[in-house]
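# Inside the fold
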Amino acid sequence: MKKIVLSLALMALLTSCKNETQEKLDAAKDALKEEVNETIDSAAIKADIKIDSIKEKTKAKIDSAKLKSAKKMEEAAKKLKESVEK
């Protein structure tokens, strides 16, 4: 009889611990999901900032190259006019 009572008490204890453990696991899962989502959002924001920065730098370089090529074209046109006049 003692063994049966002890077995039932042990089973009840394990069952109650299992519920508490499950709740703790669920809370840990939720916290982990939240942390991962925050990390992903943070990485996305950082990526957007870097992309915008690269776009601005690229646009500035393209504009600079356009100006340089326009100057070269003007110089070439002047030389061509001078050579035609001679």
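Everything here concerns the structure above.
All values reported here derive from a predicted model rather than from experimental measurement.

Turning our attention to the overall build of the chain. Within the chain, the secondary structure is distributed over one helix and zero strands. By residue count, 0% of the 86 residues in the chain fall in the buried class. If you sum the accessible surface of the chain, you get close to 8,500 Å²; carbon and sulfur atoms cover 64% of it.

Moving on, we get to a negative patch on the surface. On the surface, Glu23, Asp26, Asp30, Glu34, Glu35, Glu38 and Asp41 cluster together into a negatively charged patch. Along the chain, aspartate 26 falls in helix α1 (residues 2-85).

Conventions and cut-offs
- Residues numbered from 1 in each chain as written.
- Predicted model: local features only at pLDDT ≥ 70, side-chain atom pairs only at ≥ 80, totals over all residues.
- Heavy atoms only, no water.
- Helix = DSSP H or I, 4+ residues; strand = E, 2+ residues; numbered from the N terminus.
- Buried < 20%, exposed > 50% of the residue type's maximum accessible area, 1.4 Å probe, protein only.
- Areas by Shrake-Rupley, 256 points an atom, 1.4 Å probe, with all protein chains shown as cover.
- Patch = residues over 30% accessible without salt bridge, like charges linked within 9 Å, V, L, I, M, F, W, Y side chains within 5 Å.
- Salt bridge = Lys/Arg side-chain N within 4 Å of Asp/Glu carboxyl O.
- Lys, Arg positive; Asp, Glu negative; His and termini not counted.
- Charge placed at Lys NZ, Arg CZ, Asp CG, Glu CD.

Shape is all these values report; function is a separate question.
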